[in-house]
Amino acid sequence: MEESVLGEYFELLRFASVGADPARLKDSVDCAMWLKKFLCELGFECELSTIDVRDGKAAPPVLFAERKGNEGAPCVLFYGHYDVQPADPESEWKTPPFEPTMIGQRIYCRGAQDDKGQFFAFLCGLRDYLGASKSPLTIKVLLEGQEESGSGALMELAHNMRRRLAADVMLVSDTAAAPGLRPAIVAGLRGVSHFTVRLTGPNRDLHSGEYGGVAPNPAQAIAQLISSLHNPDGSVAVSGFRDGIEPPSESERRAAEASAMSEQDCYNDIGCPSAGGQQGKTIAQRLSFEPTIEVNGIHSGYGGSGSKTVIPAEAIAKISMRLVPGQNVNVVASAVKRHLEDRCPNGVKLSIEDYNPGASGFRLPLSSPIFRLASSVLEEMDSRGPVFRWEGASIPVVSVLREASGAAPLIVGWGQPEDRIHSPNESYGVDQFAKAREWARRILASLEG
Ligand code: BES
Ligand code: MN
Ligand code: MN
């Protein structure tokens, strides 16, 4: 990578654009302005959304940029997100989380991969392309600052931007390649939605001797409720949860199995057996085609050193669900809510808070002509050719943008497990950056027709 490109990449990474943190709003705005300047210099007309969307709360701006091509030429929409996850827990970082640091052939920083590294590599490839071509294409770039926290502003804006977003193809670089950096076309993503369960009992934390055996215990109640969500075989126990699920076709299933990680790869990656999800189903099935309910956190009572004999006044659990095609977000949410309400132990009060419907999952037709074009480009880059992947993770706004733009999504990313996205010590390899950049240049050139 040229020194100048590395310098730009580092500038972008230094913005601590944690979209979910209101205290970082200024960093997000500065980041968006930096990107606006970058794209303006490439001949794009750029617009930052006003930062006052929904309930009057300031949100990181959405950047929309357009570079008009020839009349009637294909139109490409590129989507990426400049927000990053919080650095938390900061003490686990070996280098400062917002000071990019090159060690060997990798760049360490929050956002080095997800998604700044991935989309910036794409923008660099776009610049390479523009430098080498008369560029008949109309190119639109949409960069948001809230993907990691639900894409609030963009979800709100997308509908009204239909005309401006309209495109033939929507390119996204925010996913992983197969092991060994073998190219992968993402043919589906799970949806995600989440909420908080709060249980309240006594009006204060109580002495567990004075009231034990009399007062209801919200910590015990939340444990009981959470364990009721799954059957002993790991399957979800909520009735109605699986209604409408569209099973994968035989060819989707086979392709997913062919590119799945092995039990051993999984063990090496996560350091424990793949014991989650429904036993008896393969890793590929569980990751790509099965929905989940996951507990992201439980908090109640005393967790410090020594002991404290207390009955906590309340307990909360953070719950998220990964959804697959056919599941309706709101139907699923009501089924889970009813399940919890029906089983809530006596004496404690249940409330569901911060429900974020997110988006449902989707799968793209394997026969899509854009996949054929992408496959031939990826074969030129790597003689192994691409595999298809159905990611277990989500980019909720993609289905909304697909609808609003009418474009065929083409989701190709260059992540690897060692990037440790969302974890401390996130990084991106120089080789991955180069692939992402080359991919951008080549796919844009071949979209010229
Ligand atoms: N880039 C990821 C999604 C991803 C990760 C796709 C790995 C493929 C492989 C994205 O930024 C992400 O983290 N999405 C969140 C969305 C949620 C916070 C609403 C997710 O999947 O949890
Ligand atoms: Mn991402
Ligand atoms: Mn992410």
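For the structure given in this document, a descriptive report is provided here. In this text, all values refer to a predicted model and were calculated from it rather than measured experimentally.

1. Things to note about the overall build of the protein chain
Within the protein chain, the regular secondary structure consists of 13 helices and 18 strands. The globule rule puts the C-alpha radius of gyration for 449 residues at 22 Å, and the 23 Å found for the protein chain is close to it. Reported as C-alpha extents along the three principal axes, the dimensions of the protein chain are approximately 80 × 50 × 45 Å. Sorting the 449 residues of the protein chain into buried and exposed places 52% on the buried side. Considering only contacts in the protein chain between residues 6 or more positions apart, those separated by 24 or more positions represent 81%. When the accessible surface of the protein chain is totalled, it reaches about 20,100 Å², and 49% of it is carbon and sulfur.

2. Some details on the packing of helix 3 (residues 116-132) against helix 13 (residues 430-447)
Two elements in contact, helix 3 and helix 13, have axes whose closest approach is 7 Å; the angle formed by their N-to-C orientations is 45 degrees. Classified by the angle their axes make, helix 3 and helix 13 are oblique. As for the relative orientation of helix 3 and helix 13, their crossing is right-handed in sense. Here helix 3 contributes Gly-117, Phe-120, Ala-121, Phe-122, Cys-124, Gly-125, Leu-126, Asp-128 and Tyr-129 to the contact with helix 13, which in turn contributes Phe-433, Ala-436, Arg-437, Trp-439, Ala-440, Arg-441, Leu-444 and Ala-445. Along the lines of polarity and charge, the residues of the contact of helix 3 with helix 13 split into 12 nonpolar, two polar and three charged.

3. Examining the coordination of the manganese ion (ligand 3)
Within the protein, the manganese ion (ligand 3) binds to Asp-114 (OD), Glu-148 (OE), Glu-148 (OE) and His-422 (NE2); these donor distances fall in the range 2.0 to 2.5 Å. Viewed at the metal, the six donor atoms of the manganese ion (ligand 3) are separated by angles of 56 to 158 degrees, and the geometry they form is irregular. When the donors of the manganese ion (ligand 3) are listed by position in the chain, the intervening gaps give D-x33-E-x273-H. The metal-metal distance between the manganese ion (ligand 3) and the manganese ion (ligand 2) is 3.6 Å, with Asp-114 coordinating both. You can see Asp-114 sitting in the loop between strand 5 (106-108) and helix 3 and its partner Glu-148 sitting in the loop between strand 6 (138-144) and helix 4 (152-158), a full 34 residues away along the chain.

4. Notes on the packing of aromatic side chains
Any aromatic ring pair is given by two values, namely how distant the centres are and how the planes are angled relative to each other. Under the defined criterion, the tally for this structure stands at 11 aromatic pairs. Both rings, one in Tyr-9 and one in Phe-433, keep their centres 5.0 Å apart while their planes meet at 40 degrees; by these two values the pair is tilted. Of this pair, Tyr-9 sits in helix 1 (residues 3-14) while Phe-433 sits in helix 13; the two residues are 424 residues apart in sequence, bridging distant segments of the chain. Taking the relative accessible area as the measure of exposure, Tyr-9 reaches 0% and is therefore buried. Measuring from centroid to centroid gives 6.3 Å for Phe-120 and Phe-433, while their planes differ by 55 degrees, and the two rings are tilted. Note that Phe-120 is positioned in helix 3 and Phe-433 in helix 13, a separation of 313 residues in sequence. No difference in accessibility class separates Phe-120 from Phe-433, as the two residues are buried.

5. Quick word on the nonpolar core
Side chains of nonpolar character tend, in soluble globular proteins, to be buried together. Among the nonpolar cores identified, the biggest contains 91 residues, and Leu-39, Leu-171, Leu-410 and Trp-439 are the most heavily contacted of them. Examining the composition of this core, we find that nine residues originate from one element, helix 3, more than from any other. Judged by nonpolar contacts, the second largest core, of 25 residues, contains Leu-199, Val-329, Leu-340 and Cys-344.

6. Thoughts on the coordination of the manganese ion (ligand 2)
In the first shell of the manganese ion (ligand 2), the protein supplies His-81 (NE2), Asp-114 (OD), Asp-174 (OD) and Asp-174 (OD), at 2.0 to 2.4 Å from the metal. What the six donor atoms of the manganese ion (ligand 2) show is an angle range of 57 to 164 degrees at the metal, which sorts the shape as irregular. The sequence pattern describing where the donors of the manganese ion (ligand 2) fall on their chain is H-x32-D-x59-D.

7. Quick word on the sheet that holds strand 14 (residues 349-359)
An order of 11-13-9-14 is seen for the four strands of this open sheet, with the pairing classed as antiparallel. Of all the strands in the sheet, just strand 11 (292-300) and strand 14 have a single pairing partner and so form its edges. Strand after strand, the sheet turns through a mean of 15 degrees between neighbouring axes, direction not considered. Two elements, strand 9 (residues 191-200) and strand 13 (residues 314-323), share 10 bridges in a ladder whose sense is antiparallel. Note on strand 13: the bridge partner recorded for Thr-200 is Glu-314. Along the sheet face, helix 10 (residues 329-343) touches strand 9, strand 11, strand 13 and strand 14 and points at about 165 degrees away from the line of strand 14.

8. Focus: helix 13
Look at helix 13: 26 Å from first C-alpha to last across 18 residues, which is about the 26 Å you get at 1.5 Å a residue. Every buried residue of helix 13 is listed here: Val-430, Gln-432, Phe-433, Lys-435, Ala-436, Arg-437, Trp-439, Ala-440, Ile-443, Leu-444 and Leu-447. Directly beyond the C-terminal end of helix 13, a positive phi value near 100 degrees is found at Gly-449.

Conventions adopted
Residues numbered from 1 in each chain as written. Chains lettered and ligands numbered in written order. Predicted model: local features only at pLDDT ≥ 70, side-chain atom pairs only at ≥ 80, totals over all residues. Heavy atoms only, no water. Helix = DSSP H or I, 4+ residues; strand = E, 2+ residues; numbered from the N terminus. Rg over C-alpha atoms; globule rule 2.2 N^0.38 Å. Buried < 20%, exposed > 50% of the residue type's maximum accessible area, 1.4 Å probe, protein only. Contact = heavy atoms within 4.5 Å. Areas by Shrake-Rupley, 256 points an atom, 1.4 Å probe, with all protein chains shown as cover. Axes fitted to C-alpha atoms, helices over the stretch in contact; angles between N-to-C directions. Parallel < 35°, antiparallel > 145°, perpendicular 65-115°, else oblique. Left-handed = near helix turned anticlockwise from the far one by under 90°. Nonpolar A, V, L, I, M, F, W, Y, C, P; charged D, E, K, R; others polar. Donors = N, O, S within 2.8 Å, 3.2 Å for Na, K, Ca; no water. Tetrahedral: all angles 85-135°; square planar, octahedral: opposite > 155°, others 65-115°. Phe/Tyr/Trp six-rings, centres within 6.5 Å; stacked < 30°, edge-to-face > 60°. Core = buried A, V, L, I, M, F, W, Y, C linked by side-chain atoms within 4.5 Å. Pairing = 2+ DSSP bridges. Expected span 1.5 Å × (residues − 1).

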